[in-house]
Amino acid sequence: MYFRRYLCSQTAAAHRRRYLRPVKQVVKSNFSETLAEIKESIVSSDFVAVSLQKTGSYSAPWQKCLPIDTDETAYWKAKRAAERFQILQFSVCPFSVKASKLIANPYNFQLFPRHEVKAGMPSYGFLCQSSCLASMAQEGFDFNACIYNGISYMSRAQESAATVQTRSVLLNGGGLLSTSALSVADVIFSERIKTRVKNWMNGCNNQHKTGDYLISSLRKLVERSENYGSRPSLTIDVCSERQVQLTSEALKEFVNIVLVRPLAKAGVEAVQVVLTSSEEDKNLLVKEIQGLEEEHRRLVSGFREVIDLISTSQRPVVVHNSLNDFAFIHEKFLAPLPPTTNEFSSSLLSVFPHILDVNHLMKELGLFDEMNNLSSAISYLDSRFSASIDMEVSYEEKTDCVDVHGHSVMKVCQLFVKLCSILKISLEIPEGGHTQLPALLQCSSNMLCSSDVRDPCNDDVRIWTSKSRTVSLRNLVFLWGFRRGMSAQDLKDVLCNSHDVFSEEFDVKMVDRTCAIVVFWTPGVSKSFLGIMDSGECFSNKLENMILEGLKAADYETYRRVCKSDLWKPNLAECLAQATDETVVFSGAKMQQEKSVICRNNDEMINLDEL
Amino acid sequence: MRNTYMVRVLTRALQPVRSLCSAPSAADVELKNVTKANFEPALAELRRHVREADFVAIDLEMTGITSAPWREIFEFDRPDIQYLKVKDSAHKFAVVQFGVCPFRWDQHSTSFVAHPHNFYVFPRQEIAGDGSSYEFLCQTSSLEFLAKYQFDFNTCINEGISYLSRSQEEEALKCLDSIHKDEILDVSSNLRNVSDTQLVRMADILFAERMKNAVGEWRAGLLQGGSWGPESQGSLNDVNQKFQTTFFQTRPALAVNGLTSRQLKLIKLVTEKHFSDLAYVHVAGESSSRLPLIVYTDSAKDRDVLKGEVKACQRKAAEISIKSAIGFRHVIDLLSSERKLIVGHNCFLDLAHVYSKFIGPLPSTAEEFVSAVQTYFPSIVDTKVLLNSDDVLSHIMNKSSTSLSNAFNLLCLPPVAPTGTNNGSADIPRVKVDVQVDDQRFSNWNSGAKHEAGYDAFMTGCVFSEACFRLGIDFNPLAPGSILQHNEKLEKYINYLYLSWANGDIIDLKTGKCGPDTLGSAIGRRRWLAKFTFSNMILLWRLPTKLKAKDIRECFYKAFGSGSITSVHQMDETAAFVQFSRAELVSDFLELKDRLDRDNNNPMSVVHPLSRILETGCVRAATYETYKEVCLSPLSELLFADQAERLGMKGEARLVQSSVDVDGEDSHEGEGEITMPTFRELQQSSASVTTRNFQTDRIMDSLCRSAAQ
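These notes cover the structure that comes with them. Remember, it's a predicted structure, so these values are computed and weren't measured experimentally.

**Observations regarding unusual backbone geometry**
Residues and elements named next belong to chain B.
No. 1: Located in the positive-phi region is N346, a residue other than glycine, with phi close to 50°.
No. 2: As for its placement among the helices and strands, N346 is situated in the loop between β11 (341–344) and α12 (348–358).
No. 3: Residue classification places N346 among the partly exposed residues on the basis of a relative accessible area of 28%.
No. 4: You will see that R542, though not glycine, has its phi angle at about 60°, which is positive.
No. 5: Mapped onto the fold, R542 is located in the loop between β18 (537–541) and α20 (549–560).

**Quick notes on the sheet that holds strand β19 (residues 552–555) of chain A**
All names here are of chain A.
No. 1: Here 4 strands make up an open sheet; going across it, the order is β17-β18-β16-β19 and the pairing antiparallel. Strands with a single pairing partner mark the edges of an open sheet, and in this sheet they are β17 (506–512) and β19. Within this sheet the neighbouring strands show an average axis-to-axis angle of 30°, counted without direction.
No. 2: Here helix α20 (residues 525–535) sits on the sheet and contacts β16 (476–480), β18 (515–520) and β19; the angle it forms with β19, its principal contact strand, is near 135°.

**Thoughts on the pairing of strand β5 (residues 117–120) of chain B**
All names here are of chain B.
No. 1: With burial as the criterion, each face of β5 is covered, one bearing H117 and F119 and the other bearing N118 and Y120.
No. 2: Relative to β5, strand β1 (residues 32–34) runs parallel, the two being bridged by 3 bridges. Each bridged residue has a counterpart across the sheet, and for N33 the counterpart in β5 is N118.
No. 3: Sheet analysis places strand β3 (residues 95–106) next to β5, joined by 4 bridges and oriented antiparallel. Its bridge partner being in β5, Q97 is matched across the sheet by Y120.

**Looking at the packing of aromatic side chains**
No. 1: Following the criterion strictly, the structure yields 65 aromatic pairs over all chains and no others.
No. 2: Ring geometry for F478 of chain A against Y559 of chain A: centres 4.7 Å apart, planes inclined by 20°, an arrangement best described as stacked. Placement of F478 of chain A in strand β16 and of Y559 of chain A in helix α22 (residues 556–564) is noted, with a sequence separation of 81 residues between them.
No. 3: With relative accessibility at 0%, the residue Y559 of chain A sits in the buried group.
No. 4: With 5.6 Å between their ring centres and 80° between their planes, Y355 of chain B and F369 of chain B make a pair best called edge-to-face. One end of the pair, Y355 of chain B, is in helix α12; the other, F369 of chain B, is in helix α13 (residues 366–376), and 14 residues separate them in sequence. Just as Y355 of chain B is buried, F369 of chain B falls in that class too.
No. 5: The structure contains a cluster of three or more aromatic residues connected by ring pairs, namely W70, F74, F76, F532, F534, W541, F577, Y624, Y627 and F640 of chain B.
No. 6: Residue placement shows K492 of chain A over the ring face of F506 of chain A; its charged tip is 5.6 Å from the ring centre.
No. 7: Geometry around W501 of chain B places K384 of chain B over its ring, the cationic atom sitting 4.2 Å from the centre.

**Brief notes about the interface of chain A and chain B**
No. 1: Across the boundary between the two partners, chain A contributes 38 residues, which contact 43 residues of chain B.
No. 2: Across the chain A to chain B interface the summed buried area is about 3300 Å²; carbon plus sulfur atoms make up 52%.
No. 3: Three residues stand out in chain A for area buried against chain B, namely Y124, S130 and Y148 of chain A, and they jointly supply 21% of the buried area on that side.
No. 4: At the surface where chain A touches chain B, the tally comes to 0 salt bridges.
No. 5: At the surface where chain A touches chain B, the tally comes to 16 residue pairs in polar contact (both at pLDDT 80 or more).
No. 6: Secondary structure elements with two or more residues in the side of chain A that touches chain B: β6 (125–129), α4 (130–138), α5 (143–149) and α19 (488–496) of chain A.
No. 7: Split into classes, the residues belonging to the side of chain A that touches chain B amount to 19 nonpolar, 10 polar and 9 charged.
No. 8: Note: β6 of chain A against strand β6 (residues 135–139) of chain B, 5 bridges, orientation antiparallel. By the bridge assignment, Q129 of chain A is partnered in β6 of chain B with E135 of chain B.

**Thoughts on the pattern of salt bridges**
No. 1: In total, this model carries 36 salt bridges over all chains according to the counting rule given.
No. 2: With a closest N to O distance of 2.9 Å, K54 of chain A and D325 of chain A form a salt bridge. Highlighted residues: K54 of chain A in strand β2 (residues 47–54) and D325 of chain A in helix α12 (residues 322–334), separated in sequence by 271 residues. Considered together, K54 of chain A and D325 of chain A belong to a single accessibility category, that of buried residues.
No. 3: Measuring nitrogen to oxygen at the nearest pair gives 2.8 Å for the salt bridge that ties R560 of chain A to E72 of chain A. With R560 of chain A in helix α22 and E72 of chain A in helix α3 (residues 71–84), this residue pair connects regions lying 488 residues apart in the sequence. Each member of the pair, R560 of chain A together with E72 of chain A, is buried.
No. 4: Among the charged side chains, a network of salt bridges with common partners joins R166, E169, K323, R329 and D333 of chain B.

Thresholds, definitions, all that
Residues numbered from 1 in each chain as written. Chains lettered and ligands numbered in written order. Predicted model: local features only at pLDDT ≥ 70, side-chain atom pairs only at ≥ 80, totals over all residues. Heavy atoms only, no water. Helix = DSSP H or I, 4+ residues; strand = E, 2+ residues; numbered from the N terminus. Buried < 20%, exposed > 50% of the residue type's maximum accessible area, 1.4 Å probe, protein only. Pairing = 2+ DSSP bridges. Axes fitted to C-alpha atoms, helices over the stretch in contact; angles between N-to-C directions. Contact = heavy atoms within 4.5 Å. Phe/Tyr/Trp six-rings, centres within 6.5 Å; stacked < 30°, edge-to-face > 60°. Lys NZ or Arg CZ within 6 Å of the ring centre and 35° of its normal. Buried area = accessible area lost by both parts, 1.4 Å probe. Salt bridge = Lys/Arg side-chain N within 4 Å of Asp/Glu carboxyl O. Polar contact = N/O pair within 3.5 Å; in protein donor to acceptor, adjacent residues only side chain to side chain. Nonpolar A, V, L, I, M, F, W, Y, C, P; charged D, E, K, R; others polar.

Written as structure tokens, this is what we have:
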């Protein structure tokens, strides 16, 4: 008892200090030095928490991930957001739990998709939500710093597409030359290069003998001899890619030279021949140049290096909202998002094998409430459970400026550790045991888009089922075209007496202002209702009047098609109307195909309690 | 050293005095930056300046220009396509800075007085709409560009002035109307709702009961005493500290503070269920939040009257909040209502932004757009048109760039070092422009930053006044009342804008007619602009990525003979336009392509010269109209081919919409006629190809490949 109280007072103290806790701020200028630092701290910790600040989330209420969404439609919504909006801030916090103490090393990276290497990459343009920017501004986000000094990046896919254009610096002997016969001009060119290099090499080797400074410098001038670092080099002008190949082919016989292509210049202009003194020296030079290439590559990949570090470390990644965040990470740093959920999760899990979603853990705890706000979730847990944790931040702010950015990642850490301690999951991982997650976590990892999120596999099922009622997609009907400003209750009242189909138990929930969803608890009723709406023969004046006033209905499949299509409108009603218009045009074959899709969806259930 | 310091101090001290007599003094005073903090006074001041002005120069800074590389305006874009691209840009991007600079001719000092204003604008959502959020696109390169010129994004987002377009305002008021109507309807249905709602939770029941007692006590106290001192409400205070007796419109009322929305709902329920003479209403509190009140009324009728009053009050408050959300549009309304001459530099896109942000959604055609613009801004002059169209001015510009800063440097700044070569220009008299910022007047003001909207507007105005001067327009009779835009030397340039600079098409705002530059100058007119026959053009997309325009031209020459195509224009790496020299070649090509696509394993199609273009088998071809359809879509994929695919464009197998008589002939002569020449062509072309060395390799390769398949 005493012990617990002691811990509590500790947390209270930590609470007060929370807003002063330093997070290392990283921009373009201190990025490369931080890279080594963060690499070390990732390797030395057990988990990595990440948190993203984006320029927007969803454009209209229905475009948010709703309880009525299946994994598929939720993914499409996340995909759409990730394709349109941009990450401006990426916080990373490698952490471990040692002796019930959270040891965290938070970093906050400012990102801006500046065109560092190639125009149009990493992003030609992006969407901003003005309310989102305004609230960021209110929190003190520095847009100038972000746009002026943010770190750029390139996704893996973009980089592999771009390396075709950025050629390597080092020219490794020919071999690329096509089989076609060399023309006379080619032979003459090769011979000329050969003699020129031979003369130059002789000159270099004899240099120390002649000793006459004037002559040697004149020779340098005539031969266009320069120095590449400390080594003598010769620049050969070329005018085509073929001549580059010819040069490297012709100079194969010279053992001690390295061919280098000047980096900065665009197009083929020159080849530098660098003379080395021995085989070892040559290897040394090659290594040196490869190092430079690596540096250049680092500039190209930019912030993605951090993502690669997290990926190669294979540490479990802790996030608050895995589907949205990882859709962004996949889109911006890996590759364009694939069209289906399965492809997405397999592609993602090949890069991040362990993904832990704090939201999912919250659900396991039975907290069904929409706890989107990290701070409110933390304070809720604080008030409900006495689990408390001590926090130690290893980064010490050297400058006197206290920054407020990137604290959300700390909250993710905190919440995660707190939840685990409540769920009695030990986070203390023994030395060298990184490949194996604690068994309990194992089962809750990677739940971002597998359908068992809705049907958890452990003891919590009882709470889960007691609090929720699931419904098959077949029993859901979307309704729109009713009077503006009607509430779900109004609509239910009106529908209740309108027709026999509503004599059985049903529920109404608004999706947005223009569209509602009707849940029929008796199987099959939805179908007959849709049939009535289609034919218009309802034998009921009330319903008929509503249909005349513009009431429309559609099944879940129509909604699914809306989510899959590109033309999203702010009102769901408009989208559904458009989608139903399109179905009329579709041929029978297409309808057939869609029917089979419906069958596949049949077993997907929705947690109605979240409606 | 000390002397110069003294001098500076003296000048500083004398400045206010000197500015009165408008003597020159070098100034490093910044131009007037306007944010939401100083918007109201700045607007009032601007009203005065605009009213007195002879013309107003404007300039805008946006978050981007094109939403995809292929959305740039190309020389082969027809005027309607150009408008669609401008429309797309104005629709998607946001205005972040708006420069307004009124110019007034001061007869006493024979100089213009300019008042440069730099408004920071941000589309902040001030009123709740239909739930959808305000969004805008940012072009990364444009933000980089703004950053390069030290644009202050923080000020823009934090302090930027928001706005509501006319149509948004109308929409909001209409929405308010419908809500109001609904609420009136609801009054009748209210009672049913109340009875329907049931108290389920124990806590709710307890709370409701407690509230019923408390409110009942308070009411009883009122009825007993007539005056209710502290003793009568003592018990109430014991029950709940959160009640407070006040007055509402001469009626006694109970203010309810610090309760949750659930509790308030229960109070409302209890009040309406149990007390017919009490009304539960929300009124606007001092801190603009809605304050819940329980008001005592004499009768049910009085209660309804009260409720009506409160509703009207709320409506009024909502209307006021909509009115106050208009924000920056007041400036546009001001410019429009004063009907002054508006001066811009290459300002068609600027006007499109002004229209879409502050008036309403852009019309679907350029003609409708310009006629709508004319109703708001009857006279607009574009300095870029002026500089390029007038003989005198284009002679001065001497074929150098007519970019704003270049024109400003050439026309308005004295030569930096007057060497012997240009002794003439040194003593050319120039129009004097004084700048007035916050009642301080400077004649050599030049402390603005390039690509800052306010300074750009100032430069535009300077270029315009200088251009007028060179045209021989005498400003002196510009006494109050005389109007610059009616000067006959200027009149012929008014209301002509470049639809786009890239192809030099000029649009006449009065008629909506659009065509190449015909305003007069022979020097300024750009002869190099190519002419296009749009019906002879074929759009190709999903091309092999490595294919260059040169390669495409070569292939077509081989297939249809040299001279068969007049030009090839690459749009991006996936799409290109091919212009044939004769109209019939268009349908020939479409048919040939169709056939080659259908049997692409046939050796004849493999060796066909077009196979280099069509080798992937998924190249699509279509006429110019398809291009328009693609441009019409609100989507903006990065690559044109992706855009067309997402729109479900399949291309055309043959020319459907070509003129009827040609079609008739073709069908009449039958299939055989059409196949023969192309077959001959195939043979010819394969023969000609074999003579070329390097080509043979490739063809052999592809033959082997097809054999292997």
